[in-house]
Amino acid sequence: MPSPFENPVVRYGIPLVSAAVVAAVAFLFLEGTIRYVALGIAALEVVVTPQILKQAASNA
């Protein structure tokens, strides 16, 4: 049975949703430098997490 992480929609959908939540929290509740740190973490998540999930799918 194939891993769900082999599907690119899942690999990119998971980090997009969680990054959207982090970005919403950053804009709604944070201010100053910490807002930019949270937005940087969200951007990093969108870039790095699909690569990690792809590696996990290939090793499974």
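Predicted model only: the values in this text are computed from it and were never measured. (Residues numbered from 1 in each chain as written. Predicted model: local features only at pLDDT ≥ 70, side-chain atom pairs only at ≥ 80, totals over all residues. Heavy atoms only, no water.)

Colleague: Before we go on, may I ask you to explain the overall build of the protein in this structure?
Modeller: A count of helical and extended segments in the protein gives two helices and zero strands. Against the compact-globule benchmark of 10 Å for 60 residues, the protein has a radius of gyration of 14 Å, which places it well outside the compact range. With the principal axes as the frame, the protein shows a C-alpha extent of 45 × 15 × 10 Å. Looking at the protein as a whole, 18% of its 60 residues are labelled buried. Put simply, of all contacts in the protein between residues at least 6 apart along the chain, 57% involve residues at least 24 apart. A total accessible area of about 4400 Å² is found for the protein, and carbon and sulfur atoms account for 72% of it. (Helix = DSSP H or I, 4+ residues; strand = E, 2+ residues; numbered from the N terminus. Rg over C-alpha atoms; globule rule 2.2 N^0.38 Å. Buried < 20%, exposed > 50% of the residue type's maximum accessible area, 1.4 Å probe, protein only. Contact = heavy atoms within 4.5 Å. Areas by Shrake-Rupley, 256 points an atom, 1.4 Å probe, with all protein chains shown as cover.)

Colleague: How do you make sense of helix α2 (residues 33-59) when you look at a structure like this?
Modeller: Along an α-helix, residues three or four apart share an orientation, since each turn contains 3.6 residues. Helix length check: α2 (27 residues) gives 38 Å between terminal C-alpha atoms against 39 Å at 1.5 Å per residue, within 8%. In α2, a bend of some 30° at E45 exceeds every other bend along the element. Among the residues of α2, A38, A42, P50, L53 and A57 are the ones counted as buried. In this fold, the buried residues of α2 make contact with α1 (8-29). (Expected span 1.5 Å × (residues − 1). Bend = angle between axes of the 7 residues up to and from the residue.)

Colleague: How do you make sense of α1 when you look at a structure like this?
Modeller: Taking 1.5 Å per residue, 22 residues should reach 32 Å; α1 reaches 32 Å between its end C-alpha atoms and fits that length. Regarding α1, the residues found buried are R11, P15, A19, A23 and A26. The buried side chains of α1 occupy one side of the element, clustering within an arc of 75° when seen end-on. Exposed residues lying more than 90 degrees from the buried face of α1 are V9, V17, L28 and F29. Structurally, α1 contributes buried residues whose contacts are with α2. For α1, the side-chain oxygen to backbone nitrogen distance between the N-cap and V9 is 3.1 Å, and the N-cap itself is N7. (Arc of directions from axis to C-beta. Polar contact = N/O pair within 3.5 Å; in protein donor to acceptor, adjacent residues only side chain to side chain.)

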